[in-house]
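# Breakdown of the fold
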Amino acid sequence: MALKVGLVGLPNVGKSTLFNAVSQAGADAANFPFCTIDPNIGVVAVPDERLDRLASLARSAKVVPTAIEFVDIAGLVAGASQGEGLGNQFLAHIREVDAVCNVVRCFDDDDVVHVDGSVDPARDIAVITTELVLKDLETVDKRLERAQRAAKSADKDALRARAQLTALHDHLDGGDPARSFPGELDAELARELSLLTAKPVLYAANVAEDDLPDGNAHVAVVRAIAAAEGAEVVVISAQVEAELAELDGEERTEYLDSLGLERSGLERLIERAYRLLGLRTFFTAGPKESRAWTVPTGATAPRAAREIHTDFERGFIKAEVIAYPDYDTLGSEAAAREAGKLRIEGKEYVVADGDVIHFRFNV
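This report concerns the structure included in the present document. (Residues numbered from 1 in each chain as written. Predicted model: local features only at pLDDT ≥ 70, side-chain atom pairs only at ≥ 80, totals over all residues. Heavy atoms only, no water.)

Counting its regular elements, the chain contains 13 helices and twelve strands. The C-alpha radius of gyration computed for the chain amounts to 23 Å, which stays within 12% of the reference 21 Å derived for 363 residues, consistent with globular compactness. Over its C-alpha atoms, taken along the principal directions, the chain stretches across nearly 65 × 65 × 35 Å. When burial is assessed residue by residue, the chain has 47% of its 363 residues classed as buried. Within the chain, contacts between residues separated by at least 24 positions form 68% of all contacts whose residues are at least 6 apart in sequence. Put simply, the chain shows about 17,500 Å² of open surface, and 48% of that area lies on carbon and sulfur atoms. Between the averaged position of the 39 positive side-chain charges in the chain and that of its 61 negative side-chain charges there is a distance of 10 Å. (Helix = DSSP H or I, 4+ residues; strand = E, 2+ residues; numbered from the N terminus. Rg over C-alpha atoms; globule rule 2.2 N^0.38 Å. Buried < 20%, exposed > 50% of the residue type's maximum accessible area, 1.4 Å probe, protein only. Contact = heavy atoms within 4.5 Å. Areas by Shrake-Rupley, 256 points an atom, 1.4 Å probe, with all protein chains shown as cover. Lys, Arg positive; Asp, Glu negative; His and termini not counted. Charge placed at Lys NZ, Arg CZ, Asp CG, Glu CD.)

Bringing the side chain of S194 into the picture now. Assignment of secondary structure puts S194 in the loop between helix 5 (187–193) and strand 6 (201–206). When sequence neighbours within four positions are dropped, the list of residues in contact with S194 reads R95, E96 and K199.

Within the secondary structure, G215 is located in the loop between strand 6 and helix 6 (217–229). Since its relative accessible area comes to 23%, G215 is described here as partly exposed. Taking the C-alpha atoms as reference points, G215 and R191, 24 residues apart in sequence, are found 37 Å from one another.

Time to look at the sheet that holds strand 6. Whenever strands of a sheet pair, they do so through backbone hydrogen bonds, lying parallel or antiparallel. Spatial ordering of the open sheet is given by 2-4-1-5-6-7, a layout of six strands whose pairing is mixed. Strands at the two margins of the open sheet, each flanked by one partner only, are strand 2 (40–45) and strand 7 (232–236). Between one strand axis and the next, the sheet turns by 25° as a mean value, whatever way the strands run. Where strand 6 and strand 7 come together, five bridges link them in parallel fashion. Residue pairing for strand 7: N206 is matched across the bridge by I236. Across the sheet, helix 3 (residues 121–151) touches strand 1 (3–8), strand 5 (99–105) and strand 6, and the angle it forms with strand 5 is around 145°. (Pairing = 2+ DSSP bridges. Axes fitted to C-alpha atoms, helices over the stretch in contact; angles between N-to-C directions.)

Turning our eyes to something else, we now look at the state of the cysteines. Tallied over the entire structure, the rule returns zero disulfides. The thiol sulfur of C101 is not disulfide-bonded, and the nearest other cysteine sulfur, from C106, lies at 12 Å. Under the relative-accessibility criterion, C106 is labelled buried at 0%. (Disulfide = S-S within 2.5 Å.)

On to the packing of helix 3 against helix 4 (residues 156–173), then. For the pair helix 3 and helix 4, interaxial distance at closest approach is 9 Å and the crossing angle is 155°. The angle between the axes of helix 3 and helix 4 places the two elements in the roughly antiparallel class. Handedness of the helix 3/helix 4 crossing: left-handed. Residues V133, D136, L137, V140, D141, R143, L144, A147, Q148, A150 and A151 of helix 3 form the contact with helix 4, whose participating residues are A158, L159, R162, L165, T166, L168, H169, L172 and D173. (Parallel < 35°, antiparallel > 145°, perpendicular 65-115°, else oblique. Left-handed = near helix turned anticlockwise from the far one by under 90°.)

Geometric values such as these leave the question of function open.
Pasting the structure below:
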């Protein structure tokens, strides 16, 4: 499963600069509002030192990391739902993402125009949240119209859908996101609506280089808002990420060290997204290929096998599992087997992060 993250934010907060940096798309970001019209989609390999180590130990001919997909859409402004700026039609492009990343401007720079004239993270976050809520309200209103017509037949399912949609409408109409809705939606209805504000959110606080790694007073505001929502925050500098994208090896490491950082903003962003969504990584390793795979926390061995091929899940027999630390220490599957560190697990086994797995199955 490839993780998908939608990037939202006001114009000129550094959203497209960040996208270009993390995806190495190569496009130059313009210093004026509304320069992103069509959605940009970038697929980024998820860095994982464990995969590189496994590939080295297994002498793999090929290394395949798992991936994360970023979708960058046009900047939103207050009143986008009524057509201000470029409107909100572009929000449809992030309907299917797993999480929404709100890029918030936390840097002061007179040379970079702010669409509202000043840097105010709380106001900016409120604007984006409001516009997402209004887009969701539009979606719910359309579905509620259908439910009201269907409910005239007194069908129980139609009546239930109408009641749920009416309650959800009132919640959104009060300005609150769908993820704080106290009621319960039927799973099928929730999937059909795919509401933007029902998705987990994380904040990328975009700062100047001098404010790395801990941030500034603007970041403190973002952290307080995120804490109240149970959201994640990553302090990141889009400009630094753009520079890092041009560096390799020792130069990259030295630059990070000079900033007091162990990892890039991209790596920290991915880590927080995985944590927010409750995802885990398992590996397959051998002479032909070492590969990373992503599964939800709580996934059983057959569910993990499905990521490789649906036949693996249908014909699942057993999973041969080695914990990554054991594989790393012992140096090979054969050594792990001899040391008694290779376990045979069945259908009920819940995959742990870092498991190195070989699946046995019937065709």
